[in-house]
Amino acid sequence: MTQSARARWAVLRGVVSKESFADSDLTSVVAGAMVFEYVDLSRADLRLATMRAFFKMCSFAGANLRGANLRGATFAGCDLSGADLRDADLRGAQFSYVNTGADNGRTNLTGVRFEGADLTGASFDRVIGYEALGADGA
């Protein structure tokens, strides 16, 4: 019998590479000081998750990150196209060369808190809720 995504997540430590959690129910999971490389979290349900990890070349395409605590997380080269980030806490998060746009989806930023976030290299094309970013874009 195949181990559930939640059970696999529970034993993750250190560096996680080339794992797939696509379409998984991972609501309220926790990921602390970990590194995720080339991990597929597309369409995963990550509502209310706490993930203060380093994400390198990971896919969050279509993922539900609504209300997630992503304070201090780093997203380097990640695909956030179509991700729902409503009410997510991204204070202190760092974005570098992230993709937020796709021909078939938009990233929802309604209610996202960016205070203290380093948005260097981030692209925010095809987003919904852009007015929540404020007049200066941050």
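Model, not experiment: these values are computed from the prediction. (Residues numbered from 1 in each chain as written. Predicted model: local features only at pLDDT ≥ 70, side-chain atom pairs only at ≥ 80, totals over all residues. Heavy atoms only, no water.)

### Here's the deal with the pattern of salt bridges
Right, on to step 1. Evaluation of the coordinates by the stated rule reveals eight salt bridges.
Right, on to step 2. The shortest N-O distance in the salt bridge between arginine 47 and aspartate 45 comes to 2.7 Å.
Right, on to step 3. Of the residues examined, arginine 47 reaches a relative accessible area of 37% and is grouped as partly exposed.
Right, on to step 4. Connected through salt bridges with shared partners, the residues Arg71, Asp89 and Arg91 form a single ionic network. (Salt bridge = Lys/Arg side-chain N within 4 Å of Asp/Glu carboxyl O. Buried < 20%, exposed > 50% of the residue type's maximum accessible area, 1.4 Å probe, protein only.)

### Regarding the packing of aromatic side chains
Given two aromatic rings, one states the distance between the centres and the angle between the planes to describe the pair.
Right, on to step 1. One pass over the structure, following the stated rule, counts seven aromatic pairs.
Right, on to step 2. Ring geometry for tryptophan 9 and phenylalanine 21: centres 5.2 Å apart, planes at 75°, overall edge-to-face. Taken together, the residues tryptophan 9 in helix H1 (residues 5–10) and phenylalanine 21 in the loop between strand E1 (15–17) and strand E2 (30–31) connect sequence positions 12 residues apart.
Right, on to step 3. Among the aromatic residues, those joined into a cluster by ring pairs are Trp9, Phe21, Phe36, Phe55, Phe60, Phe75 and Phe95.
Right, on to step 4. Note that arginine 8 overlies the ring of phenylalanine 21, its terminal NZ or CZ placed 4.5 Å from the centroid. (Phe/Tyr/Trp six-rings, centres within 6.5 Å; stacked < 30°, edge-to-face > 60°. Helix = DSSP H or I, 4+ residues; strand = E, 2+ residues; numbered from the N terminus. Lys NZ or Arg CZ within 6 Å of the ring centre and 35° of its normal.)

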